[in-house]
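Below are the chains, spelled out letter by letter.
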Amino acid sequence: MAPTAATVATAAQIIARGLHAAGCRHAFGMPGGEVLCVMDALVEAGIAFHLVKHENAGGYMAEGAYHMTGAPGILLATLGPGMANAVNVIANAEQERVPLIYLTGCVDPAEALGYTHQVFDHRAVLAPITKATFMAEDGAVDTLIERALTIATEGRPGPVHIDLPVSLAPKEQPHARSPKYTRPAAMAPAEGPALEAARAALARSKRPILIAGPELLFQGAAEAAAAFARDFAIPVVTTYKAKGVLPEDDPLALGGGGLSPLADEQILPLIETADLIVLAGYDPIEMRHAWCDPWDPDQVPVIEFAAAPNRHGVHRVTHSFAGDIAAGLAALRDGVAPSATWSNGAPAETKRALAAAFPADESWGPAAIADEVRQVLPAHGVATVDSGAHRILLSQIWRCSQPRTLLQSSALGTMGCALPLAIGAKLAAPETPVVAFTGDAGLEMVLGELATLRDLKLPVVVVVFVDASLALIEIKQRGAGLANAGVDFGETDFAAVAQALGGRGVDVTNRAELRQAVEAGLEAETFTVIAAHIDRGAYDGRF
Ligand SMILES: Cc1ncc(C[n+]2csc(CCOP(=O)(O)OP(=O)(O)O)c2C)c(N)n1
C-alpha cells in the first residue's frame, strides 16, 4: 500500500524506524556534520543516542547493550576519521559474532568523483571485517535496512555496515514500505542416516563429553544444552564466552578452556579419552593452537550442532548439523535412554586438578582480587574483563552461574573493551550490578570513557590491576630470552584520574580494602575506579 503524503519518511527515518522495530533502544557514537540527520532520526524513532569519547569504545558499548537486551547494537560515526576510528570494534564484532549495525555518513557518490577532503572508500576498508557493507540508494532504503538486520542476526551474527550519503539522509522516500523484520526460524536436523548414526553413538557412549560454545547464547539454547548434559551425565567444557551455560559449581562443569595452557593440560587429555564428543554451538575462533585438530573423527564420533555450516578447517567432525542447536540436541536424544557414564571418575578428577592448578586462596595478588570480587558480586551481576594476563587468570578462576555474566573479547582478544562493554551493559540493564576488570595498559587506552560514565551517571565499578607492566607480553618477551623493552611504563594514579573525571577513586592493597571498596562502589551514585596494586611478576607460572 502506498503511504500517504503525511506519512512519507526520509531515508534516515526509515533506517531508524527499522532499527526500532528490531528492538534497538540505544545507539552510541560521535556525530559529525554528515550524520546529524541520522542522529536526529534515531532519537525521533525512540532510540536514545549516547555520546562517547571514541567511536571504537562506542562499538563496545553497543555490544554490551546487545548482551543485555538481545537487540542488535548500533554504532554511529561520521565519514573518514570517524568511520576509521571504529575499525577495531567492527573486526571484533565479526570475530565475536556480535550483530552490530554500523551507520556512517559519506559524501554523495557524484561529489566524491571530484572532491577529496576526508574521502576514501569506507566499504573497501570494512569489506573483510563485516558480514555485508552497503551504500544506501535512493528508493531502496526500506529494503536495505530489512536486509541489513536480517544479515546481522541470521546464522552466525555479525556486523553490517551502511554508508548513507549526506544528501540522501534527509530525502523523502515516497514509495517506502514500513519496515518489516522477520527473524528466520532456525532449522532442526532432518531424520536420516546421519541422525540415526549420531543417536547410536550416544546410546553406545560410556565416556561422552560436551563442548559448549557461544552459539548456544545467541540461539537461546543454553538451558537445553545444560539439561541434555545433566540428563545424560555428560561433563561440559565451555569456551570462555560460553562460561555459565552450565552453572560452574555443577560437578559436571569443567570450566572454560582454549587460552590457558595450564587449563588445557587438564582438559585436552580428558577429551582424548572420550568415546563421544558433542559440539554444541562450539566455534573454535576463541581457541589457541592446542585446539587445532584435537580429535580424530575416524577414531571417535564427533557430533556437531552449529548455528551455520563450519568452513573454518580448525577441526574435523563425524556428523555436522547446522541450524537450531536446541532442536538438534532434542533430535539426538530422542528415544535414547540415559545410562551411567565415566565409571572411572575421570571428569571429577579433572575438575579437582583444575581447581588445584588455579588456587584462589592467596592472601593477595591477581587471583585474590578475582576471588574477593566474585564473593561480593551477586550471581546475576555482570563482569567484563579486558585482554592481558589478568584476563586469562580471571577467566579460569571466575565462576559463572549464568551465561553472559562474564563479557570479554575472546576471539579478537583486544585491549580496551572491558570498560565500554561494562558501560553498555549497565546502561541497558540499570538494575544489574556491573564490574569491569582491566589491566592498567588496557584502561589507559580508553581512559576518556570514564567521562562517558560520568555523563551517563552509571555506577559501574572498575577494578584495575596496577602493575605498570604489559604483563602478558612481558612474560612472553622474558620467556623468549629477549631483553626487556617496550613492556614497562610509569604508574598512573588511577584514583586521582577517576576523581578528576567526576567519579570515585580508591587504592587497595589487600582483600579487606578491596571488598569494602567494591561494596561501596556498587551502592554509589557514580562510577568507582579501584586501583588494585599487585607486584610485577604476579602472573608468573599462573596460567
Ligand atoms: C588493541 C591491542 N593491542 C595490543 C594487544 C597485545 N596485547 C595483549 S595483552 C597486552 C598487555 C596488556 O597489558 P595490561 O592491560 O596492563 O594487562 P596485563 O597483561 O598486565 O594483565 C598486549 C599489549 C592487544 N591484544 N590488543
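For the structure, see preceding data.
Rules behind the numbers
- Residues numbered from 1 in each chain as written.
- Predicted model: local features only at pLDDT ≥ 70, side-chain atom pairs only at ≥ 80, totals over all residues.
- Heavy atoms only, no water.
- Near = heavy atom within 4 Å.
- Polar contact = N/O pair within 3.5 Å; in protein donor to acceptor, adjacent residues only side chain to side chain.
- Helix = DSSP H or I, 4+ residues; strand = E, 2+ residues; numbered from the N terminus.
- Nonpolar A, V, L, I, M, F, W, Y, C, P; charged D, E, K, R; others polar.
- Contact = heavy atoms within 4.5 Å.
- Buried < 20%, exposed > 50% of the residue type's maximum accessible area, 1.4 Å probe, protein only.
- Expected span 1.5 Å × (residues − 1).
- Arc of directions from axis to C-beta.
- Salt bridge = Lys/Arg side-chain N within 4 Å of Asp/Glu carboxyl O.
- Phe/Tyr/Trp six-rings, centres within 6.5 Å; stacked < 30°, edge-to-face > 60°.

Participant: Can you help me understand the site of the ligand in this one?
Facilitator: Near the ligand you find 19 residues, and of these Ala389, His390, Gly413, Asp440 and Gly442 are the closest. Contact distances for the ligand include 2.9 Å between a nitrogen atom and a backbone N or O atom of Gly413. With respect to the ligand, the side chain of Asp440 contributes an N or O atom lying 2.8 Å from an oxygen atom. Residue contributions to the shell around the ligand peak at four residues, all from helix α18 (residues 440-445). Residues of the shell around the ligand, tallied by class, amount to nine nonpolar, eight polar and two charged.

Participant: So what exactly am I meant to see when it comes to the environment of Gly503 here?
Facilitator: Take Gly503: it is sitting in the loop between α21 (494-500) and β17 (504-508). Separated by 52 residues in sequence, Gly503 and Ala451 place their C-alpha atoms 8.5 Å apart. If we ignore the near neighbours within four places in the chain, the residues touching Gly503 are Ala498, Thr526 and Phe527.

Participant: Hey, could you run me through the side chain of Thr104 in this one?
Facilitator: Inspection of the secondary structure puts Thr104 in strand β4 (residues 100-106). The buried category is assigned to Thr104, whose relative accessible area is 1%. At 2.7 Å, the side chain of Thr104 and the side chain of His161 are in polar contact.

Participant: What exactly am I supposed to notice about helix α22 (residues 511-523) here?
Facilitator: Each α-helix turn comprises 3.6 residues. Residues three or four places apart therefore point the same way. The terminal C-alpha atoms of α22 lie 19 Å apart, and with 13 residues this matches the ideal 18 Å at 1.5 Å per residue to within 8%. Inspection of α22 places Arg511, Leu514, Ala517, Val518 and Gly521 among the buried residues, and these make up the whole buried set. One side of α22 holds all its buried residues, which, seen down the axis, span an arc of 130°. Residues of α22 that are exposed and angled more than 90 degrees away from the buried face: Ala512, Gln516 and Glu523. Elements in contact with the buried residues of α22: α15 (366-376), β16 (461-466), β17 and β18 (528-533). Between a side-chain oxygen at the N-terminus of α22 and the backbone nitrogen of Ala512 the separation is 3.1 Å; the capping residue is Asn510.

Participant: Before we go on, may I ask you to explain the pattern of salt bridges in this structure?
Facilitator: Side-chain pairs of opposite charge can arise whenever the charged atoms involved come near each other. If you walk through the whole model with that rule in mind, you get 23 salt bridges. The shortest N-O distance in the salt bridge between Glu248 and Lys243 comes to 3.1 Å. For Glu248, a relative accessible area of 4% translates into the label buried. Measuring nitrogen to oxygen at the nearest pair gives 2.9 Å for the salt bridge that ties Asp455 to Arg454. The structure contains a network of salt bridges with shared partners spanning Asp371, Glu372, Arg511 and Arg515.

Participant: Please explain the packing of aromatic side chains as it appears in this structure.
Facilitator: Where two aromatic rings form a pair, the distance of their centres and the angle of their planes describe that pair. One pass over the full model with this rule turns up five aromatic pairs. Judged by centre distance (6.4 Å) and plane angle (55°), the rings of Tyr282 and Trp291 are tilted. The exposure class assigned to Tyr282 is buried, which follows from its relative accessible area of 0%. Taking 5.3 Å as the distance between ring centres and 75° as the angle between the ring planes, the aromatic pair formed by Trp398 and Phe437 counts as edge-to-face. Residue Trp398 is found in the loop between α16 (389-397) and β14 (406-408), and its partner Phe437 is found in strand β15 (residues 434-439); the two are separated by 39 residues along the sequence. Here Trp398 matches Phe437 in class, with each residue buried. Taken together, the ring pairs connect Trp398, Phe437 and Phe465 into an aromatic cluster.

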